[in-house]
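What the coordinates show
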Amino acid sequence: MTTLDSGSDTGTGTAPAAPAARAARVWRTLRSSRTALAGLAIVAVHVLIAVLAPLLTSYDPVGADASHALLGPSLEHWAGTDQYGRDVLARVLYGGRYALGVSVAATVLTVALGTIAGCAAALRGGWFDDVLGRVLDAVLSVPALLALLVIVTALGTGPAVIVLAIAVVYVPQVVRVVRGAALAVVPADYVTAARARGEGTWSILRREVLPNITDVVCVEFAMRASWVVLLISSLSFLGFGADPPTPDWGLMVAENRTAITVVPMASLAPIIALATLVVGLNLAADGLSKAWGVDRIREGS
């Protein structure tokens, strides 16, 4: 397990690096990894486009105009229009807001809960670790998409429900990865010393364990975000995600797939947007993983 202090060794009990040192190390990692930089740059472009969407197009993404339905690309509509006469480019640009907003919220909640539970399991051990492990095994035995469909069918299809459903599905996987990383830190002398001083589990987790597994958590966040984006789009495509006429990439593909031979850009444009975002997130996760020496398979075992 690679710690954030390049000179530390959990076997010798070196204390976690200071926040400034950790920040400097993250910056050095980003500069040394072209893959991570490329991935983060792609994601940054998507974020920028989503934020500036109102400035990049004058069309209403939900405004229908039957007289302009199914038009091909032109100077007026660069990517054409869909079957309801809505500008495809405007819906793609605004669609990034929904995809990024819901995905970030779901990923933050998932990784936060998984990190806390994984660290607590590694620190407490014993019956707590055993019971948590059995519960996670039960959740992981259900296919992710099937579990999501059951939850959204029972509770509805709002963004809050989707965020909660994704957290339920993906938290067990994050717990396993973070627990594996934390187990390498728990035997360290500074953790033993903190316990001897009488510090509580939360204090040890926050001050001693988390600073030394931040690299694993960051990689897990980037990788998990790419899966969450795909899962949210899949839900929308199946009719369990965003409600029409919300500009959402998965919903756009579902709405326009029957007219793909007439206006292919109505389906291809959201697919390209979704693909580039997922590629960017995967490049960022892969680059950071290699730069920090994080083995997600080993950590998760």
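All values derive from a computational prediction rather than experimental measurement.

Basis of the calculations
Residues numbered from 1 in each chain as written. Predicted model: local features only at pLDDT ≥ 70, side-chain atom pairs only at ≥ 80, totals over all residues. Heavy atoms only, no water. Helix = DSSP H or I, 4+ residues; strand = E, 2+ residues; numbered from the N terminus. Buried < 20%, exposed > 50% of the residue type's maximum accessible area, 1.4 Å probe, protein only. Contact = heavy atoms within 4.5 Å. Areas by Shrake-Rupley, 256 points an atom, 1.4 Å probe, with all protein chains shown as cover. Patch = residues over 30% accessible without salt bridge, like charges linked within 9 Å, V, L, I, M, F, W, Y side chains within 5 Å. Salt bridge = Lys/Arg side-chain N within 4 Å of Asp/Glu carboxyl O. Phe/Tyr/Trp six-rings, centres within 6.5 Å; stacked < 30°, edge-to-face > 60°. Lys NZ or Arg CZ within 6 Å of the ring centre and 35° of its normal.

1. What about the overall build of the chain?
The helix and strand tally for the chain stands at 12 helices and zero strands. Taken from the N to the C terminus, the helices and strands of the chain come in the order α-α-α-α-α-α-α-α-α-α-α-α. Counting only residues that meet the buried cut, the chain has 48% of its 301 residues in that class. Contacts in the chain between residues far apart in sequence, at least 24 positions, make up 73% of those at least 6 positions apart. When the accessible surface of the chain is split by element, carbon and sulfur atoms take 67% of a total near 13,900 Å².

2. Brief notes about the environment of A112
Position of A112 relative to the elements: it lies in helix α4 (residues 88-124). Judged by relative accessible area, A112 falls into the partly exposed class, the value being 36%.

3. Comments concerning a nonpolar patch on the surface
A cluster of nonpolar side chains, contributed by V45, V47, L48, I49, V51, L52, L55 and L56, occupies part of the molecular surface with about 710 Å² of accessible area. Listing elements by their share of the nonpolar patch, those giving two or more residues are α2 (34-51) and α3 (53-56). Relative to the helices and strands, V47 resides in helix α2. Note on V47: relative accessible area 37%, which makes it partly exposed.

4. Digging into the pattern of salt bridges
Within this structure, the stated rule accounts for nine salt bridges. The residue R197 makes a salt bridge to E208 at a minimum N-O spacing of 3.8 Å. A residue pair is termed long-range when its members are at least 10 positions apart, and R197 in the loop between α8 (189-196) and α9 (201-238) and E208 in helix α9 qualify at 11 residues. For D286, the salt bridge goes to K290, with nearest N and O atoms at 3.4 Å. Note that D286 and K290 are positioned in helix α11 (residues 265-292) at a spacing of four residues, about one turn of the helix. Where salt bridges share partners, they join D82, R86, R91 and E255 into one cluster.

5. Describing the packing of aromatic side chains
Tallied over the entire structure, the rule returns one aromatic pair. A ring pair is formed by W127 and F128, whose centres lie 6.1 Å apart and whose planes are at 85°; its orientation type is edge-to-face. Given the relative accessible area of 63%, W127 is considered exposed. The partly exposed category is assigned to F128, whose relative accessible area is 28%. The ring of Y170 carries the charged tip of R224 above its face, separated from the ring centre by 5.2 Å.

6. Some points on the side chain of S289
With respect to the helices, strands and loops of the structure, S289 is situated in helix α11. On the basis of relative accessibility, which here comes to 14%, the residue S289 falls in the buried class. The contact partners of S289, leaving out residues within four places of it in the chain, are V219 and V294.

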